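# Tertiary structure, described
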Amino acid sequence: MKKIIALLLCAVMATASFAACGNNGDESKPEDSSSAPAVSETVSDVSDEESKPEEINYLEKIYTGNDYNGKTFTFLTSGVNATATSEIVYNEDLTDSENFPETINEAIKRRNDAVYDLLGVEIKEIYFHDPRRYGGDTLAKIRNSASAGDNSFQAVSVCLYDCGTLATENYLFDLTTLENLHGLEYPWWDEGFSNTVRIAGKQYFMLGDMGINYKNSTPCVYYNQSLFEKLGLENPQQLAIDGKWTIDKAIELSTSYHDDINGTDGIQWDDCYGWCGQNDDMPSMLYGAGVRIVSSDSEGYPYLTLWSETANNAVEKVLELMLNSDYYVSGNDWFGKTGNYEWPMQALEANFIAGHVLFYSGGISTAINLSAMEDSFGILPVPKLTEEQDDYYSLLNTWTTNAYAITTNNTAEQAEFAAAVLEAMGYYSWEGNVDSLAVAYYERVLKMQKLKADETSTALLDLIFAQRGCELGSVFRIGNITGSKSVNDILGTLINEKKTGAFRSTYEAYESILEADVEAVVEYFKS
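Residues numbered from 1 in each chain as written. Predicted model: local features only at pLDDT ≥ 70, side-chain atom pairs only at ≥ 80, totals over all residues. Heavy atoms only, no water.

### Here we look at the packing of helix H2 (residues 102-119) against helix H14 (residues 412-429)
Rules: Axis lines are fitted through C-alpha atoms, for helices just across the contact stretch, and the angle between N-to-C directions can take any value from 0 to 180 degrees. A run of H or I in DSSP becomes a helix once it reaches four residues, and a run of E becomes a strand once it reaches two; helices and strands are each numbered from the N terminus. Here is the rule for angles: anything less than 35 degrees is roughly parallel, anything more than 145 is roughly antiparallel, 65 through 115 is roughly perpendicular, and the remaining ranges are oblique. By convention, the crossing between two helices is left-handed when the near helix turns anticlockwise from the far helix through less than a right angle, and right-handed when the turn is clockwise. Throughout, a contact is declared for two residues whenever any of their heavy atoms are within 4.5 Å. Classification used: nonpolar for Ala, Val, Leu, Ile, Met, Phe, Trp, Tyr, Cys and Pro, charged for Asp, Glu, Lys and Arg, polar for all others including Gly.
Look at H2 against H14: their axes get within 9 Å of each other, and the N-to-C directions meet at 130 degrees. Classified by the interaxial angle, the pair formed by H2 and H14 is oblique. When you trace H2 past H14, the crossing you get is right-handed. Residue-level contacts link Arg 111, Asn 112, Ala 114, Val 115, Leu 118 and Leu 119 of H2 to Ala 420, Val 421, Ala 424, Met 425, Tyr 428 and Ser 429 of H14. Of the residues contributing to the contact of H2 with H14, the split by class is 9 nonpolar, 2 polar and 1 charged.

### Comments concerning the nonpolar core
Spelled out, the test is: What is meant by a nonpolar core is a set of buried Ala, Val, Leu, Ile, Met, Phe, Trp, Tyr and Cys residues, joined one to another through side-chain atoms within 4.5 Å. Buried residues are those whose accessible area, probed at 1.4 Å on protein chains only, stays under 20% of the maximum for their type, while exposed residues exceed 50% and partly exposed ones sit between those limits.
Ranked by size, the top nonpolar core spans 122 residues in total, and within it Phe 73, Leu 181, Phe 205, Trp 245, Phe 359, Ile 406 and Leu 422 carry the most contacts. In terms of residue count, H14 provides more of this core than any other element does, 11 residues in total. The next biggest cluster of nonpolar side chains, apart from the first, holds 32 residues, and it includes Phe 100, Ile 108, Val 357 and Ile 379.

### Let's talk about a negative patch on the surface
The condition is simple: Within this analysis, patches are made of residues with over 30% relative accessible area and no salt bridge. Like charges are joined at 9 Å or less; nonpolar side chains (Val, Leu, Ile, Met, Phe, Trp, Tyr) at 5 Å or less. Working definition of accessibility: Shrake-Rupley area with a 1.4 Å probe, residue cover restricted to the visible protein chains. Salt bridge criterion: a side-chain nitrogen from Lys or Arg within 4 Å of a carboxyl oxygen from Asp or Glu. His is not counted, nor are the chain ends, whereas Lys and Arg count as positive and Asp and Glu as negative. Throughout, a charge is located at the NZ atom of Lys, the CZ atom of Arg, the CG atom of Asp or the CD atom of Glu.
Residues Glu 511, Glu 515, Glu 519 and Glu 523 make up a contiguous surface patch of negative charge. Mapping Glu 519 onto the fold places it in helix H19 (residues 503-526). Judged by relative accessible area, which is 41%, Glu 519 ranks as partly exposed.

### Structural notes on a nonpolar patch on the surface
Nonpolar side chains collect at one region of the surface, where Val 80, Tyr 134 and Trp 399 lie side by side and expose about 240 Å² of accessible area between them. Checked against the element boundaries, Tyr 134 lands in the loop between strand S4 (122-129) and helix H3 (137-148). For Tyr 134, a relative accessible area of 32% translates into the label partly exposed.

### A few points about the sheet that holds strand S11 (residues 357-363)
Strands in a sheet are paired, the pairing made by backbone hydrogen bonds, and the direction either parallel or antiparallel. The condition is simple: In this scheme, strands are said to pair when DSSP sees at least two bridges between them.
The 5 strands are arranged S10-S7-S11-S6-S12 in an open sheet whose pairing can be described as mixed. What marks the edges here is a single partner per strand, and that holds for strand S10 (328-330) and strand S12 (377-380). Within the sheet, the average angular offset between the axes of one strand and its neighbour, ignoring direction, is 25 degrees. Alignment of strand S7 (residues 273-277) against S11, held across 3 bridges, turns out to be parallel. Across the sheet, Trp 275 pairs through a bridge with Phe 359, a residue of S11. Contacting S7 and S11, helix H9 (residues 247-254) runs over the sheet at an angle of about 135 degrees to S11. Helix H12 (residues 344-353) contacts strand S6 (219-224), S7, S10, S11 and S12 of the sheet and is inclined by roughly 135 degrees relative to S11.

### Quick notes on H14
Note that an α-helix has 3.6 residues per turn; residues three or four places apart therefore point the same way. Where we set the bar: Multiplying one less than the number of residues by 1.5 Å gives the expected span of a helix.
Taking 1.5 Å per residue as the helical rise, H14 with its 18 residues ought to reach 26 Å, and the 25 Å between its terminal C-alpha atoms agrees with that figure. With 15 of 18 residues buried, H14 lies mostly within the body of the structure.

### Observations regarding the environment of Phe 417
For Phe 417, the position within the fold is in helix H14. Overall, Phe 417 belongs to the buried group, its relative accessible area being 5%. Along the sequence, Phe 417 and Asp 67 sit 350 residues apart, while their C-alpha atoms lie 8.8 Å from each other. Once residues within four sequence positions are removed from consideration, Phe 417 is found in contact with Tyr 68, Lys 71, Thr 72, Phe 73, Val 121 and Gln 154.

### Looking at unusual backbone geometry
Residue Arg 133 is not a glycine yet carries a positive backbone phi of 70 degrees. Residue position: Arg 133 is located in the loop between S4 and H3.

### Brief notes about the pattern of salt bridges
As enumerated under the stated definition, the model contains 10 salt bridges in all. Between Arg 504 and Glu 309 there is a salt bridge; the shortest N-O distance is 4.0 Å. Here the residue Arg 504 occupies a position in helix H19, and Glu 309 occupies one in helix H11 (residues 309-322), the gap between them amounting to 195 residues. Residue classification places Glu 309 among the exposed positions, given a relative accessible area of 54%. As a salt-bridge pair, Arg 504 and Glu 508 come within 3.2 Å of each other at their nearest N and O atoms. Residue Arg 504 and its partner Glu 508 are both found in helix H19; the two are separated by 4 residues, about one turn of the helix. Each of Glu 234, Lys 249 and Glu 252 takes part in salt bridges that share partners, so that together they form one network.

### Description of the sheet that holds strand S5 (residues 155-159)
Read across the open sheet, the 4 strands follow the order S4-S3-S5-S14; overall the sheet is mixed. Strands with a single pairing partner mark the edges of an open sheet, and in this sheet they are S4 and strand S14 (402-405). Strand-to-strand twist in this sheet, taken as the mean axis angle between neighbours without regard to direction, amounts to 20 degrees. As paired elements, S5 and S14 share 4 bridges and run antiparallel to each other. Of the residues in S14, the one forming a bridge with Ser 157 is Tyr 404. The sheet contacts of H14 involve strand S3 (72-79) and S4, and relative to S3 the element is tilted by about 75 degrees.

### Focus: the packing of aromatic side chains
So the rule is basically this: When the centres of two rings from Phe, Tyr and Trp lie within 6.5 Å, Trp using its six-membered ring, the rings pair. Their planes under 30 degrees apart give stacked, over 60 give edge-to-face, and anything left gives tilted. Any Lys NZ or Arg CZ found within 6 Å of a ring centre and within 35 degrees of that ring's normal is scored as a charge over the ring.
Inspection of every chain in the model, using the stated rule, returns 31 aromatic pairs. For the ring pair Trp 275 and Phe 359, a centre distance of 4.9 Å and an interplane angle of 35 degrees mean the geometry is tilted. One end of the pair, Trp 275, is in strand S7; the other, Phe 359, is in strand S11, with 84 residues separating them in the sequence. Relative accessible area serves as the criterion here: at 0%, Trp 275 is assigned to the buried category. Taking 6.5 Å as the distance between ring centres and 45 degrees as the angle between the ring planes, the aromatic pair formed by Phe 503 and Tyr 507 counts as tilted. Residue Phe 503 and its partner Tyr 507 are located together in helix H19, separated by 4 residues, close to a single helical turn. Each member of the pair, Phe 503 as well as Tyr 507, carries the same accessibility label: buried. Within the aromatic cluster, the residues linked to one another by ring pairs are Tyr 58, Tyr 186, Trp 188, Tyr 427, Tyr 428 and Trp 430. Looking at Arg 292, its charged tip hangs above the ring of Tyr 287, at a distance of 3.5 Å from the centre.

Rendered as C-alpha cells:
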C-alpha cells in the first residue's frame, strides 16, 4: 500500500492540490510500462545503494496458457438495488461523475481487455437484484444452480452473510485447493481479509484489487479540519500518526463542542455538536479496539472470545461516547424525523457538510459526497482502545460488503478455469501496473480530501487500509443459528436501552447460545 500511496502522492503534488476535490482528470504518472511483458515487485527494501533487491515476475507465475481460449467467464453479482454500476465489466453509457469517474470505468475495461489478450477469455456479468440483501433469492439461485449442474456462471460476488451460509452448506470451493489461485498468496489479494476468514487453513471467499466496492465499505472517521483550527483543538491527524488516536481522545475532543442553533431545546440532528454516527459505531469501534466475537485456536478453528475485561472496557467507553446526547447524535434515533431526507444518515452527513459537526462516522465512499464541502476535511482511522495497541483495525461491514467465491455448480475442472481468470483479473488490477484499477481508485480517494498532499495525509490512508478485515462471528451469524439475536443485536440493546455497566450480565445471558453456534460452525468445518 505504501508504494501506491507514494506513487500517487508524487503525481498529485506535481499537478494539483487536494483542494481541487472535484477534479477527476488524469494526473502526471511515471513512465508507462504497460508495453513490458510483465510487472515485477520488490521483495526486500533497498538498504544500500549497491544492493539489488530480489524481484518477482508475477506474470511468469500465474496461468498464461491457451486452454481457455474462446471461453466466456461469467460473474453472478447480487445487490440490493434494482440496477448497479459494475466493478466487474465496463459500464456502457455511464456518465462520468465523482461517484464513478470514467477513469475507474476505463481501468476496468483495460483490465478485462488484458485478460482477453492473455487467456482469450471474455468476461461477462449477470446482475441479480435481491431486495433482501442476504438470506434471500440469491441463496436460492445458487443452490438451485448447483443442484441442476447449471454452470451459467463460474464465480459469484455476494454479501458476506451469504458467503458464510454458502460455505457451511458446501456450495463453495475451498480456494486454497485451486492450483491456479496459488494459495491466494500474491499481492493483489487482500491478505488482511484472508487472515480473518480462513478456518483451519481453508478459505471459501476472498477480496482484492479486482474490486473497489469493498474498499468503499472500509470504515473511517471524517473530521472538519477548518472547525478544528477555528476552535484551536488538537490536530487529530498527528494523534493518529503518533498512535495516540484512541476512544478516550475521541470522547475528549467530541465533548469540547456543541451549540443549540435550531431554536429547539436540546441537541437535535441539525444543531452543532461533536460527533454524528449510528449504532454501527459500536461493532466498528470494538473491532478497532481489537475485540473479536471469535478468534482462531492453535488449529485454526474459531472459538468464542467476545467476553474479556478488554472487551468490557471497550464497550463501556463506546457507550460513554454514544450515550452522551449533548455531543453525540445517532442516526438510529432520527428515522422519520429529518424532514426531506429519506434516511437519517443523509441528514447527518448534510449537517457535517454544513460545518456544524467535528466528527462524522462513515465509509471511504463518503468522501465523494463530502467533496463539495466548503470547509477542509480529513480522514482518520477508527480509534484504538489504548495507545499501547499496535495497530488500527478497520471492520468491513458484513451487510454492505460483497466477497468473491467459486460455486459448486462448477466441476473441479471448471473451478480451475475460474481460478485462472480470477488470478489474471487480480494481476491486471494490481497496483504494480501503473494504469491499473487499484491506481485509478486510490487516485480518486486521494483527490477527495481537502488536505495538503503531504506524508501525513497519505500515511493516514495507510493506517486505514493496512489492517482491514471482517468479523467472522458476524459472517457466520453467531447468535442467530440456534438463537434469535446476533451479537450486534445484543450490543444494540445496550445502546437502545442506554445500559451502562451491563455488558457482562448481558453477555452471560446469551453465552450458552453463542457457544453452541460457534461449536456448530466448528463441527461443520471438521466434518
